[in-house]
Each structure stands twice: as structure tokens, then as C-alpha cells.
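Close look at the chain arrangement
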Amino acid sequence: MQYLCYFQPFRDFIFNFMDSSAFLSPIELPSEIHSISSSIKGESVRMQSYAWQGADFRYARLTHLSSESRIEMLNFTVYPHYHSDSPVFASDFVCLGHQLRIAVIDAMPIFADEPSYQSKWISPFAPLHKKSLAIAPQYERKLDWSTRYLSQHACMATGVSAQDLALLFGVWKEYFGLYVDLHHSSTPILENQSRCERVRS
């Protein structure tokens, strides 16, 4: 069975990153979660899920859904440990047919209302957001989640041919690389109990 695979470079990069990390290990998922197959209007659809955990991050997961010609979706999310106030790194990509419907890339801030947090965790992504504006039209922020949970420097690309995702893939790698660098340079918040509790919530 041949499935859409426009997001294969993203998958390969994620697996290489996880495999090369000494601080992350794969989680064995139940078979009914790891791989699911079904059909939509007579077309085969497959969804594959993977997860990791370790000293670097509390949890990371990758979900990839693809059909033969109708749809392809990829979600990659990284959750820091509760003793860190690092944002959650989130990326979602949806292709309908052979056209990118939406791509969301962001370090979703936890304390977006704090100027010092904005300076440390949000402002560094401004140049990458500017770069994303130059390579793809941006999805209009009409829905509540796009303003409530995402930073102002989130990439929300749309209208890109699936065959022309290379530039967006490059921006995604830069977003993720910067996120990892900032996370590794952050200081645990173990002494601040109220902040830890807010992170947990």
C-alpha cells in the first residue's frame, strides 16, 4: 500500500534526533496505539504513533496519519519536566490532497504575561517567525486556540504545495533547534513551588 509521505523528512529528522540523544529513550506503546489502519470513503488510512521520555524531556510524541491520496497529518509535541518552566514545543502539519492546509510551529509559552519570560522564551523566535512570513502565506488567527495558547511568533503557514515543503522543513528545524538550545540553558524552578504547580496545571 502506497501512502502519502510528504512529511517523511520531518519523521526522519525526529527519529535521528531521538536516536542520537543519550537522555531520551523510546516508550513501547501498545500495538493498538502504535499502528492503526482503517479506511475513509474506500481509501486506506494509516496512523502511527511513537513516544519518548528521559532526563531531557518528560514526554515527546510523534503521530503521523496518512492516506493514499486524500490527507496527511503529522503532530510532534515535546513536554518539558514539571521542574522546568520551558514552553511546550508543538508542531502540527495538515495536507489535504497535495496542498498544505495549515502548519503550526511554536514554543507554546506557559507564562506569556511575564515580561522576563517573554524576553527569554518568546522574543528569540521573532527572526524565525519573520522568515516564515517570507516563505508562505499565514493562516488567519480566527479561532480561540490560535490566540490563547500560541505565542505571537508562532509560524502558521498555509497554501504551500506539498511538493514545496523544503523551505518550511528548514524553518521547522530552526524552531526546534532553538527551542532545544533554550531549554538546555534554562534553570530548574524546584525552589518555586507555586510556579511548579502552575506548570503542572
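All of the points below concern the structure found in this document. (Residues numbered from 1 in each chain as written. Predicted model: local features only at pLDDT ≥ 70, side-chain atom pairs only at ≥ 80, totals over all residues. Heavy atoms only, no water.)

We now examine the overall build of the protein chain. A tally of helices and strands in the protein chain yields 7 helices and 8 strands. Its C-alpha atoms give the protein chain a radius of gyration of 17 Å, near enough to 17 Å, the size a compact globule of 201 residues would have. Contacts in the protein chain between residues far apart in sequence, at least 24 positions, make up 59% of those at least 6 positions apart. Entry remark: accessible area of the protein chain is about 10500 Å², with carbon and sulfur atoms responsible for 54%. Distance between charge centroids for the protein chain: 5 Å, based on 17 positive and 20 negative side chains. (Helix = DSSP H or I, 4+ residues; strand = E, 2+ residues; numbered from the N terminus. Rg over C-alpha atoms; globule rule 2.2 N^0.38 Å. Contact = heavy atoms within 4.5 Å. Areas by Shrake-Rupley, 256 points an atom, 1.4 Å probe, with all protein chains shown as cover. Lys, Arg positive; Asp, Glu negative; His and termini not counted. Charge placed at Lys NZ, Arg CZ, Asp CG, Glu CD.)

Further remarks concern the side chain of Ser 44. By the element assignment, Ser 44 lies in strand β3 (residues 43–54). Beyond its immediate stretch of four places on either side in the chain, Ser 44 contacts Met 1, Tyr 3, Ser 38, Ser 39, Ser 66, Ser 67 and Glu 68.

This next bit is on the nonpolar core. Soluble globular proteins tend to bury their nonpolar side chains together. Membership of the largest hydrophobic core comes to 45 residues, with the highest contact counts inside it found for Phe 76, Phe 89, Phe 93, Leu 168, Trp 172 and Tyr 179. Tallying contributions element by element places helix α6 (residues 166–184) first for this core, with 9 residues. Ignoring anything within four residues of it in the chain, the contact list for Phe 76 reads Ile 14, Met 18, Arg 61, Leu 62, Phe 89, Ala 90, Ser 91, Trp 172 and Phe 176. Within the second largest apolar cluster, 6 residues are counted, among which are Ile 102, Val 104, Ala 154 and Met 156. (Core = buried A, V, L, I, M, F, W, Y, C linked by side-chain atoms within 4.5 Å. Buried < 20%, exposed > 50% of the residue type's maximum accessible area, 1.4 Å probe, protein only.)

It is worth spelling out the packing of helix α1 (residues 8–20) against α6 at this point. Interhelical geometry of α1 versus α6 gives an angle of 25° and a closest axis separation of 11 Å. With respect to α6, the element α1 is oriented roughly parallel. Pair α1 / α6 crosses with right-handed handedness. In this structure, α1 contributes Pro 9, Phe 10, Phe 13, Ile 14 and Phe 17 to the contact, and α6 contributes Phe 169, Trp 172, Lys 173, Phe 176 and Val 180. When its residues are assigned to classes, the contact of α1 with α6 shows 9 nonpolar, no polar and 1 charged. (Axes fitted to C-alpha atoms, helices over the stretch in contact; angles between N-to-C directions. Parallel < 35°, antiparallel > 145°, perpendicular 65-115°, else oblique. Left-handed = near helix turned anticlockwise from the far one by under 90°. Nonpolar A, V, L, I, M, F, W, Y, C, P; charged D, E, K, R; others polar.)

In this section: the side chain of His 129. Structurally, His 129 is set in helix α4 (residues 126–135). Beyond its immediate sequence surroundings of up to four residues, His 129 is in contact with Gln 152, His 153, Ala 154, Cys 155 and Tyr 175.

Phi angles above zero are rare outside glycine, and Lys 41 is one such case at about 50°. Mapping Lys 41 onto the fold places it in the loop between β2 (35–40) and β3. We classify Lys 41 as exposed; its relative accessible area is 74%.

Glancing now at the packing of aromatic side chains. By convention here, two paired aromatic rings are described through the distance between centres and the angle between planes. For the structure on display, the rule yields 23 aromatic pairs. Centroid distance Phe 76 to Phe 176: 5.5 Å. Interplanar angle 75°. Geometry classified as edge-to-face. Of this pair, Phe 76 sits in strand β5 (residues 71–79) while Phe 176 sits in helix α6, placing them 100 residues apart in sequence. Phe 176 carries the same exposure label as Phe 76, and that label is buried. With a centroid separation of 6.2 Å and 45° between ring planes, the pair formed by Trp 121 and Tyr 179 is classed as tilted. Pair noted here: Trp 121 is in helix α3 (residues 115–122) and Tyr 179 is in helix α6, with a separation of 58 residues, a long-range link. Trp 121 gets classed as buried once you look at its relative accessible area, which sits at 0%. (Phe/Tyr/Trp six-rings, centres within 6.5 Å; stacked < 30°, edge-to-face > 60°.)

This next bit is on the state of the cysteines. Under the criterion given, the structure shown has 0 disulfides. Among the cysteines around Cys 5, which has no disulfide bond, Cys 95 carries the closest sulfur, lying 11 Å off. Assessed through its relative accessible area of 43%, Cys 5 is described here as partly exposed. (Disulfide = S-S within 2.5 Å.)

In short, geometric facts, not functional conclusions.
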